[in-house]
Amino acid sequence: MLDATLLDNFDAAGAVVHGLPGMAYTSDSFMQLEREQLFANHWVFVDYAHKLPKPGDAKPIEVAGLPLFLLRDQQGQIVAFHNVCRHRNLKLIDATGNCGKLIRCPYHSWSYDLCGVLRNAPYFGGHKDVRPPEFRYEDNGLVPINCEVWHDWIFVNLSPQPMVFDDFIAPIRRQLGRNEVTDYVPVATIDLGEVPCNWKLLMENFIEPYHVQFVHKSTTAQPLEDHYTVIDEHCLGSAVELSAEQVASAREGTLGVTSHYLTLFPNFVMGTYQPDQMGVHLNEPIAAALTRQQRVIYAHKDARYSDAKIEQLIELWRSVHLEDHAMCIRLQQGRYSPLATQGGLLSPHWENSVRKFQERVADAIRPALI
Ligand SMILES: [Fe+2]
């Protein structure tokens, strides 16, 4: 039941606290609440700007269950619109591609320019260029969505009063310190496909460092005791600081460098790996138990990675993600147990950042619980 008692155990005070109940990961009703209460009111990470390089490049996306699309306009800016024709509300952009200078509805040929202005509605008034009385093109353009780009990362916000975008990215910029994201260029994409688990499990897994020593013992060389968690407003995650000796002694092909694992609530994920690498994951919620994931690898513009090095990184990161997926899929399966109604337990030391993530989810959906 999605009622006010759902979060009682989660809200109970104690030295060791519980996580969100299993239903928060398995229930379609909870997912719908998240769409309405959470994804419709936050800056949601939706894509990488370099994937839409030319004016007219468009891509359909879904946020909070709504059909939207991204577009690079004539001025080179990334913009977002509701993905529906104003005539009969047909979904306009059906696949990623270039639409040229006009977005044409295939049904009755209503056409919009790259600013979203309606330019043609042929025969709507009976004959080719006749408009019905009181019908004005300027009242029937595409409806824009708040859209911002931070370096290569596109965010949309469906709220009529969105958080100021600079305030949204401020805590992660603070955590990055002098590491300037604009110095990094994309060198590879890993399409990790659809993972049969709830989006929150992938986020929580990234946010906590507790599992790294156990799950990634063959792919990483980052001792747990050198980690700490990061809680800076809605920037949650962890970091590990390694000495020059530790870096030098890491096994060949493993990740053994100072790293920061940072998120912006709800779904932006960035890892930084000294001295010259970065990774950004896109986790797209599809259904309660299904999430699509990609990772883009970035290198510092002065690093000049060889093709062999990039191939090695793709292999390494694919292995690391698959190690995480194996755990997240089993976390999902465990959430159908009646035991999971209690929400499991969270380490007060290593999973306090996960707790903060879950509190943000709980706070978003709480007003809708009766
Ligand atoms: Fe992991």
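Residues numbered from 1 in each chain as written. Predicted model: local features only at pLDDT ≥ 70, side-chain atom pairs only at ≥ 80, totals over all residues. Heavy atoms only, no water.

**Regarding the domain arrangement of the chain**
Once the domains are mapped, the chain shows domain 1 (4-42 + 177-368) and domain 2 (52-150). In this structure, domain 1 and domain 2 have C-alpha centres spaced 35 Å apart. Listed per partner, the contact involves 6 residues of domain 1 and 4 residues of domain 2. Counting the surface lost from both domain 1 and domain 2, the interface buries some 470 Å², and carbon and sulfur atoms represent 69% of this. Broken down residue by residue, the surface that domain 1 buries against domain 2 is led by Arg35, Phe39 and Val181, which jointly contribute 55%. Inspection of the region where domain 1 meets domain 2 yields 0 salt bridges. (Domains from an automatic or database assignment. Contact = heavy atoms within 4.5 Å. Buried area = accessible area lost by both parts, 1.4 Å probe. Salt bridge = Lys/Arg side-chain N within 4 Å of Asp/Glu carboxyl O.)

**Regarding the environment of Val296**
Relative to the helices and strands, Val296 resides in strand β17 (residues 290-300). For the pair Val296 and Cys85, spaced 211 residues apart in the sequence, the C-alpha separation amounts to 32 Å. Apart from the residues within four sequence positions on either side, Val296 is in contact with Tyr48, His50, Lys51, Pro186, Ala188, Thr189, Met278, Gly279 and Val280. (Helix = DSSP H or I, 4+ residues; strand = E, 2+ residues; numbered from the N terminus.)

**Quick notes on the coordination of the iron ion**
Around the iron ion, the protein contributes the donor atoms His211 (NE2), His216 (NE2), Asp324 (OD) and Asp324 (OD), at 2.0 to 2.7 Å from the metal centre. Every donor counted, the 4 donor atoms about the iron ion form angles of 52 to 143° at the centre, which fits irregular coordination. Counting gaps between the donor residues of the iron ion yields the pattern H-x4-H-x107-D. Comparing His211 with His216, the two get one shared label, buried. (Donors = N, O, S within 2.8 Å, 3.2 Å for Na, K, Ca; no water. Tetrahedral: all angles 85-135°; square planar, octahedral: opposite > 155°, others 65-115°. Buried < 20%, exposed > 50% of the residue type's maximum accessible area, 1.4 Å probe, protein only.)

**Describing the packing of helix α3 (residues 28-39) against helix α9 (residues 352-365)**
Closest axis-to-axis distance for the α3/α9 pair is 9 Å, and the angle between their directions is 85°. Between α3 and α9, the crossing angle belongs to the class labelled roughly perpendicular. Residue-level contacts link Phe30, Leu33, Glu34, Gln37 and Leu38 of α3 to Val361, Ala364 and Ile365 of α9. The residue makeup of the contact of α3 with α9, split by class, is 6 nonpolar, 1 polar and 1 charged. (Axes fitted to C-alpha atoms, helices over the stretch in contact; angles between N-to-C directions. Parallel < 35°, antiparallel > 145°, perpendicular 65-115°, else oblique. Nonpolar A, V, L, I, M, F, W, Y, C, P; charged D, E, K, R; others polar.)

**A look at the packing of aromatic side chains**
What describes a pair of aromatic rings is the distance from one ring centre to the other and the angle between the planes of the rings. Applying the stated criterion across every chain, the model contains 23 aromatic pairs. Ring centres 5.4 Å apart and planes at 75° place the aromatic pair Phe155 and Phe168 in the edge-to-face group. Placement of the pair is Phe155 in strand β10 (residues 153-157) and Phe168 in helix α4 (residues 165-176), with a sequence separation of 13 residues. Taking relative accessible area as the criterion, Phe155 reaches 0% and is therefore assigned buried. Relative to Phe268, the ring of Phe155 has its centre 5.3 Å away and its plane inclined at 55°; by these criteria the two rings are tilted. A residue pair is termed long-range when its members are at least 10 positions apart, and Phe155 in strand β10 and Phe268 in strand β15 (residues 268-273) qualify at 113 residues. No difference in accessibility class separates Phe155 from Phe268, as the two residues are buried. Grouping aromatic residues by their ring pairs yields a cluster made of Trp43, Phe45, Tyr48, Trp150, Trp153, Phe155, Phe165, Phe168, Phe268 and Tyr298. The aromatic ring of Trp317 is capped on one face by Arg295, whose charged end is 3.6 Å from the ring centroid. (Phe/Tyr/Trp six-rings, centres within 6.5 Å; stacked < 30°, edge-to-face > 60°. Lys NZ or Arg CZ within 6 Å of the ring centre and 35° of its normal.)

**Considering the sheet that holds strand β13 (residues 235-240)**
Strand order across the open sheet formed by 7 strands is β11-β17-β16-β15-β14-β13-β12, with antiparallel pairing between neighbours. Strand pairing shows two members of the sheet lacking a second neighbour, β11 (184-195) and β12 (227-232), which therefore form its edges. When the angles between neighbouring strand axes are averaged without regard to direction, this sheet yields 15°. Pairing geometry for strand β16 (residues 277-287) and β17, over 10 bridges, is antiparallel. Note that in β17 the partner of Ala287 across the bridge is Leu290. Its contacts with the sheet place helix α8 (residues 307-334) against β11, β15, β16 and β17, and it is angled at close to 35° to β11. Relative to the sheet, α9 contacts β12 and β13, its axis offset from that of β12 by approximately 25°. (Pairing = 2+ DSSP bridges.)

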